Amino acid sequence: MRTYGIRNDGDPMFTTTELDAMPRARGNRHWQCLTQALYFEARGETVEGQFAVAEVILNRVDSDNYPNAICAVVNEGTGRRHACQFSYTCDGRPERITDLPAHNRLGKIARIMIDDAPRALTEGATHYHTTAVNPSWAQVYPRTAQIGTHIFYRQAY
C-alpha cells in the first residue's frame, strides 16, 4: 500500500477508485469512531477533504488540549446541544449509515490514517468548519487550509 501524500501533480495519493479496490478495512472501536465521524462529517467531500478531516481528529488526539483517544475526541461534549465538538453528535438526529460503499471507503481512510499516514494536508489543524458557517473561534485561530467546503484552523494555544 502506498503511503498517503500528494502526488507531484497535486492530486491526492489515493483516488476513490483506488480506495474502493482495496480490501475492506477493519479495526477496534477507535477505528469505528473515526470511520463514523468521517461518514457524518465528510462523506460528501473529496478524498483529500476526507483525509483532511481525519487529520484534524488525530491532531486533536495528539494535542494536550483534547482527550487522548479517538472516541473521546469525537464524542467530546456529546449530549449537550451545540456544545459538542462534531455537530453530528449533538444535532438531535439519529445517525444512520445508508451509503455502505461510502462507509467502507471511509473505513479504509480511517485505517490508513490510524496506521500513521503523514498528516500533510492541514498544517496541524485542530479545527474546521464548512463554508456555510462562521464560528467565533475562526476569527482567533490561524487558518491553515481550505479543502472543498471545509476551512481548517490550528488552535493557537
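None of these values were measured; they are calculated from a predicted model.

Caption draft 1: Expanded view of the sheet that holds strand S1 (residues 127–130). The strand order across the open sheet built from 3 strands is S1-S3-S2, with neighbouring strands paired in antiparallel fashion. With one partner strand each, in any of the chains shown, S1 and strand S2 (143–147) form the two edges of the open sheet. Each adjacent strand pair in this sheet contributes to an overall mean axis angle of 20 degrees, direction not counted. Bridging between S1 and strand S3 (residues 150–153) involves 4 bridges; their strand directions are antiparallel. Within S3, the residue paired with Tyr128 across the bridge is Phe152.

Caption draft 2: Here's a closer look at the pairing of S3. Going residue by residue along S3, you find His150 and Phe152 tucked away on one face and Ile151 and Tyr153 tucked away on the opposite face as well. Sheet analysis places S2 next to S3, joined by 4 bridges and oriented antiparallel. What sits directly across from Arg143, in S3, is Tyr153. Counting the residues between successive antiparallel strands, the hairpin from S2 to S3 contains 2 residues, one of them, Gly148, with a positive phi of roughly 60 degrees.

Caption draft 3: Just the side chain of Arg105, in detail. Among the structural elements, Arg105 can be located in helix H5 (residues 100–114). Leaving out residues up to four positions away in the same chain, Arg105 has contacts with Thr16, Leu19 and Asp20.

Caption draft 4: Looking closely at the pattern of salt bridges. Within this structure, the stated rule accounts for 3 salt bridges. Of the charged contacts, one joins Asp115 and Arg111 as a salt bridge, the two residues approaching to 3.1 Å between their closest N and O atoms.

Caption draft 5: Spotlight on the nonpolar core. Counting 41 residues, the largest nonpolar core has Leu38, Phe51, Ile57, Ile70, Ile109 and Phe152 as the members making the most contacts within it. At the level of elements, helix H2 (29–42), helix H3 (47–62), helix H4 (70–74), H5 and S2 are the ones that each hand at least two residues to this core. The element contributing the most residues to this core is H3, with 9 residues.

Criteria and thresholds
Within each chain, residue numbers correspond to sequence positions counted from 1 in written order. Local features are withheld for residues below a pLDDT of 70 in this predicted model, meaning they are given only at 70 or higher, and side-chain atom pairs are given and counted only at 80 or more; totals for whole chains, interfaces and linings count all residues. Based on all heavy atoms of the structure, the side-chain values leave hydrogens and waters out of the count. When DSSP finds at least two bridges between two strands, those strands are taken to pair. The way it works is that DSSP assigns letters per residue, a run of H or I at least four long becomes a helix, a run of E at least two long becomes a strand, and they are numbered from the N terminus. Axes here refer to lines fitted to C-alpha atoms; in helices the fit is confined to the stretch in contact. Angles between the N-to-C directions go from 0 to 180 degrees. Working definition: with a 1.4 Å probe on protein chains only, accessible area under 20% of the residue-type maximum means buried, over 50% means exposed, and in between means partly exposed. Every residue pair with non-hydrogen atoms within 4.5 Å of one another is taken to be in contact. Salt-bridge detection follows one rule: a side-chain nitrogen of Lys or Arg within 4 Å of a carboxyl oxygen of Asp or Glu. Each nonpolar core is a collection of buried residues, namely Ala, Val, Leu, Ile, Met, Phe, Trp, Tyr and Cys, held together in the definition by side-chain atoms within 4.5 Å.

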